[in-house]
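Examination of the molecular architecture
Read off the chains here:
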Amino acid sequence: MKWATSTLLLLLLSFTESKVLYTSTSDKEFPQCRTEGNLGDIATIFFAQFIPKATYQEISKLVNDFLADFEKLVDNENSKDCVEKQLPGFLEEICHEKEISEKYGLAPCCSQTGSERLECLLAHKRMGSATPIPEFQIPDPQQSCKAHHENPVTFMNRHIYEISRRHPFLFAPTILSLAARYDKIISNCCESEDAAECFRLKAAPVTKELRQSSSINQHICGILRKFGERTFKAIMLTKLSQKFPKANFTIIQNLVLDGAHAHMECCNGNVPECLQDRNEIMSYICSHQDILSSKIQKCCTLPLRDQGECIVSAENGNQPEGLSPNLKGFLGETKFHLLSSEKKDFFLARFVYEFSRRHQELAVPVILRVVKGYQEAFEKCSKTENPLECQDKEEEELNIHIQDSHALAKRSCGLFHKLGEYHLQNVFLVAYTKKAPQLTSQELIGYTKKMAATASLCCQLSEEKQLACGESAADIIIGQLCIRHEIQPINDGVGHCCDSSYAHRRTCFSSFLKDEKYVPPPFSHEQFKFSQELCLAQGEELQKKKQEFLINLVKQRPYITDEQMKTVTADFTSLLEMCCKGKQEDCFAEEGPKLIAKTQEALRA
């Protein structure tokens, strides 16, 4: 058997901490332990995410060869470690197929062994994500219905392949859950009178959720990779304390440990372990609803594969009766500055738990900024003669983190209501072109469009929900920008904000106004070339053309004033209105150079 010898080494590397929430579960309960179950889909996810440019035929060969070898190695009925044996088997299969590994640039990784091979393949996957595969287009309904009817298993496996290769960081449980929903859509729509319209209406929400889940999963993996397990556990502790405020600290602490382990496995591409860990955690949560939350009852009636996404999206649980509104005197007489580092961590973890369950309205980064301030206050106040009085004074100053975030949300929503989504995007566009002029126009438009869409979504909510909505969305968008910087560095300012502190990333970007080291390129007439194509553009395409003009202006003169920008953009709009009404080619040929000269003169001023 070609990969049996490499199994033991990776098994030793698989677990660094025990699972404490649940007892061991029979492998019979997990279909990924049986080759006749969904192991073929699991293998497809793994291979397609690590080799996204491989054809379906190539991925199918890897899957079939893996299944054949795995069946020989593992007794499907009695094996207790079948899940742990799958990751080394997947890795060995990639490298055994030398033609495929060499064709897709994986040979250097295959010269390594154990965890080094996995790290190399993960790095290759991250670099590959910089050039994404075009979005999957649902085939013609008639063809889809015919293919699904003839062989539903193969049809859905092909769908899983297409999704996995386009979303290399999307967690396997989510892929399988969304695929199951798509399978139901296919079955229902193929029986309807208008299959095309049925597909359009029912597939859109699944596609939207797919994109959102992929962004969130990539964001999570970026945080784990950049800031490590300790920061990620702090994030999970905050979220779980908000989600389940009735639960005691020990239960939350154990959920954090096991949840962090599961996310690490998912981010490392360990598809089988990711699935098993997720299933076990969901089983525990749903069997302990009485001590966790009444808000997840509906989620727990769903199939196991669908419970995770539902619980994550569910409302936060109700606070327990009698919970005091604040944490005055939390430090008490504790000599915090004299505690060991381990005891300090435990003390702070307890504080995060207590603070988060009382402040379900705050976003995670805001809470972590406040907690960092409290940590410094604990160090300072525990050295004073009256620590309680000291803590009261420090608390007043720490509220500034919350107040600043509320003020930003209020300003952003004020601008949104005044300007509308498109013109608010242009405000963001100018600001981020100054911060990161090295980005392409397409990238800048993409990031700022998400920012404006966030305002459109969050500013419709009640005032108490706007802060958490805006900060959480900004966290993900900034995370995407930081992943882009990791793959291809942008500038020192972006690097500083991305690398220094997770909790302060958003505030860092707000304070970072422009790249001081940026040197504008020489003025180019090509950047301000006007033609009749501008008149053919309509709607969103025309808006994009105007935004590209705006970006070129800022890149050409980062210190351009608002007044100068208004003048030049007004002249550009006037040119369009004039030339698009008359003889377009002649008008642009005559008036275009005049506007370029005027623009060049304005930029020199």
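Preceding this paragraph is the structure being described.
To start, this report covers the structure provided alongside it. Going along each chain's sequence as written, the residues are numbered from 1 onward. Totals for whole chains, interfaces and linings use every residue, but because this is a predicted model, local features are given only for residues with pLDDT of at least 70 and side-chain atom pairs only at 80 or more, for both listing and counting. Side-chain descriptors were evaluated using all non-hydrogen atoms of the structure, hydrogens and water having been removed beforehand.

For our purposes a nonpolar core is just a set of buried Ala, Val, Leu, Ile, Met, Phe, Trp, Tyr and Cys residues, chained together by side-chain atoms within 4.5 Å. Three exposure classes are used, based on accessible area relative to the maximum for each residue type with a 1.4 Å probe and protein chains only: buried under 20%, partly exposed in between, and exposed over 50%. Core analysis: the biggest nonpolar cluster contains 61 residues, and Phe244, Ile252, Leu255, Ile285, Ile311, Phe355 and Phe378 have the highest contact counts within it. To qualify as a helix, a DSSP run of H or I must reach at least 4 residues; to qualify as a strand, a run of E must reach at least 2; elements of each kind are numbered from the N terminus. Of all the secondary structure elements, the ones that give two or more residues to this core are helix 11 (195–243), helix 12 (249–267), helix 13 (271–287), helix 16 (341–358), helix 17 (364–381) and helix 18 (387–419). With 10 residues, the top contributor of residues to this core is helix 11. If near-sequence neighbours (up to four positions away) are discounted, Phe244 is found in contact with Ile252, Leu255, Ile285, Leu292, Ser293, Ile296 and Ile311. Ranked by size, the runner-up nonpolar core spans 55 residues in total, among them Leu39, Ile42, Cys82 and Leu106. Contact criterion: two residues are considered in contact whenever any of their non-hydrogen atoms come within 4.5 Å of each other.

Bringing the packing of aromatic side chains into the picture now. Pairing of aromatic rings covers Phe, Tyr and Trp, the last counted by its six-membered ring, and requires centre-to-centre distances within 6.5 Å; plane angles under 30 degrees mean stacked, over 60 mean edge-to-face, and any other angle means tilted. Overall, the coordinates contain 22 aromatic pairs when judged by the stated rule. Through a chain of ring-to-ring contacts, three or more aromatic side chains come together here, namely Phe46, Phe47, Phe50, Phe66, Phe70 and Phe90. Should the NZ of a Lys or the CZ of an Arg lie within 6 Å of a ring centre and within 35 degrees of the ring normal, that charge is described as sitting over the ring. Above the ring of Phe50, the side-chain terminus of Lys125 is found at 4.4 Å from the ring centroid. The side chain of Lys125 reaches across the aromatic face of Phe169, ending 5.1 Å from its centre.

We now examine a nonpolar patch on the surface. Patch rule: a residue counts if its relative accessible area is over 30% and it has no salt bridge; like charges are joined within 9 Å, and nonpolar side chains (Val, Leu, Ile, Met, Phe, Trp, Tyr) within 5 Å. Working definition of accessibility: Shrake-Rupley area with a 1.4 Å probe, residue cover restricted to the visible protein chains. Counted as salt bridges are all cases of a side-chain nitrogen of Lys or Arg within 4 Å of a carboxyl oxygen of Asp or Glu. On the surface, a cluster of nonpolar side chains totalling about 200 Å² of accessible area is made up of Leu415, Leu419 and Val427. Its location among the elements puts Leu419 in helix 18. When its relative accessible area of 30% is taken as the criterion, Leu419 is described as partly exposed.

Once that is clear, we can look at the pattern of salt bridges. Counted under the stated rule, the structure contains 31 salt bridges. Connected via shared salt-bridge partners are Arg158, Glu162, Arg165 and Arg166.

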